[in-house]
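# Summary of structural features
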Amino acid sequence: MYQPFVSVAFAVALSGVAGLAQAQTQALVLPTAPEATDAIAEMFSGSGIPKPSEVKLGTCIAALEASHAGQVACTVSVTLGAAINETQLDFYKQGKKWKTQPSASQDQLPFPDPKLHE
């Protein structure tokens, strides 16, 4: 007799967890591809590495060990000349400009990331 009640309660609990996960995903603020490209180019400035011709963001999560408010960790496909490299980077806003740095969230992000190969 209690089975339907347990099932309903379980379904309500699961929908609440799913809603929370969706709300957390929606709360992430991400750079656009051009903003990410500029941030990566700035990170490489002075190294002789040219500006990427294409940057594509894949999976993004709230960054682990974040040192900046709103910092996100993303898988990224970076095209430099004929080479396409997949890596993980953290992005954060400094004023109105996006910045990037190596990520401490590698173990939380898929590699290779299927989103980058769609």
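Everything discussed here concerns the structure shown above.
This text gives an overview of the structure that appears in the document. Worth saying up front: this structure is predicted, and the values here are computed from it rather than measured.

### Looking at the overall build of the protein chain
From N to C terminus, the protein chain includes two helices and four strands. Helices and strands appear in the protein chain in the N-to-C order α-α-β-β-β-β. Evaluated residue by residue, the protein chain yields a buried proportion of 29% over its 118 residues. Counting only contacts in the protein chain whose residues sit at least 6 apart along the sequence, the fraction spanning at least 24 positions is 51%. For the protein chain, the exposed area adds up to about 7,600 Å²; of that, 61% sits on carbon and sulfur atoms.

### Some words on the state of the cysteines
Counting across every chain of the model gives one disulfide. Across the disulfide, Cys-60 is cross-linked to Cys-74 (sulfur-sulfur distance 2.1 Å). As the torsion about the S-S bond is roughly 115 degrees, the Cys-60-Cys-74 disulfide counts as right-handed. Of this pair, Cys-60 sits in strand E1 (residues 54-62) while Cys-74 sits in strand E2 (residues 72-80), placing them 14 residues apart in sequence. Across the pair, exposure class does not vary: Cys-60 and Cys-74 are buried alike.

### What to know about the pattern of salt bridges
In this structure the tally under the stated criterion is three salt bridges. Here Lys-97 and Glu-42 are joined by a salt bridge, their closest N and O atoms 3.2 Å apart. Of this pair, Lys-97 sits in strand E4 (residues 97-102) while Glu-42 sits in helix H2 (residues 33-44), and the two are 55 residues apart along the sequence. Overall, Lys-97 belongs to the partly exposed group, its relative accessible area being 46%. Judged by relative accessible area, which is 31%, Glu-42 ranks as partly exposed. With a shortest N-O distance of 2.5 Å, Lys-99 and Glu-42 are connected by a salt bridge. On the criterion of sequence distance, the pair formed by Lys-99 in strand E4 and Glu-42 in helix H2 is long-range, its members being 57 residues apart.

### Details of the side chain of Lys-99
On the accessibility criterion, Lys-99 (17% relative accessible area) is buried. For Lys-99, the side chain forms a polar contact with the side chain of Glu-42, separated by 2.5 Å. Residues within four places of Lys-99 in sequence aside, it is in contact with Ala-39, Glu-42, Asp-90, Phe-91, Tyr-92 and Gln-94.

### Quick word on unusual backbone geometry
Geometrically, the link from Phe-111 to Pro-112 is a cis peptide bond, its omega value of -5 degrees lying close to zero. In this structure, Pro-112 sits in the segment after E4. Even without being glycine, Glu-65 reaches a positive phi, approximately 50 degrees. With respect to the helices and strands, the residue Glu-65 is situated in the loop between E1 and E2.

Parameters and conventions
Just so you know, the residues in each chain are numbered from 1, in the order the chain's sequence is written. For a predicted model such as this one, the threshold for reporting local features is a pLDDT of at least 70, and the threshold for listing and counting side-chain atom pairs is 80 or more; totals across whole chains, interfaces and linings nevertheless cover every residue. Only hydrogens and water are set aside; all other atoms, that is, all heavy atoms of the structure, feed into the side-chain values. A helix here means a DSSP run of H or I that spans at least four residues, while a strand means a run of E at least two residues long, and both kinds are numbered starting from the N terminus. Residue exposure (1.4 Å probe, protein chains only): buried if accessible area is under 20% of the type maximum, exposed if over 50%, otherwise partly exposed. Contact criterion: two residues are considered in contact whenever any of their non-hydrogen atoms come within 4.5 Å of each other. Note that accessible areas follow from Shrake-Rupley with a 1.4 Å probe, and for residues the cover is restricted to the protein chains shown. Sulfur atoms of two cysteines make up a disulfide when they are within 2.5 Å. Each reported salt bridge corresponds to a side-chain nitrogen of Lys or Arg within 4 Å of a carboxyl oxygen of Asp or Glu. Polar contact is the term for a pair of N or O atoms within 3.5 Å; when the atoms are in protein, one must be able to donate a hydrogen and the other to accept it, and sequence-neighboring residues count only if both atoms are side-chain atoms.

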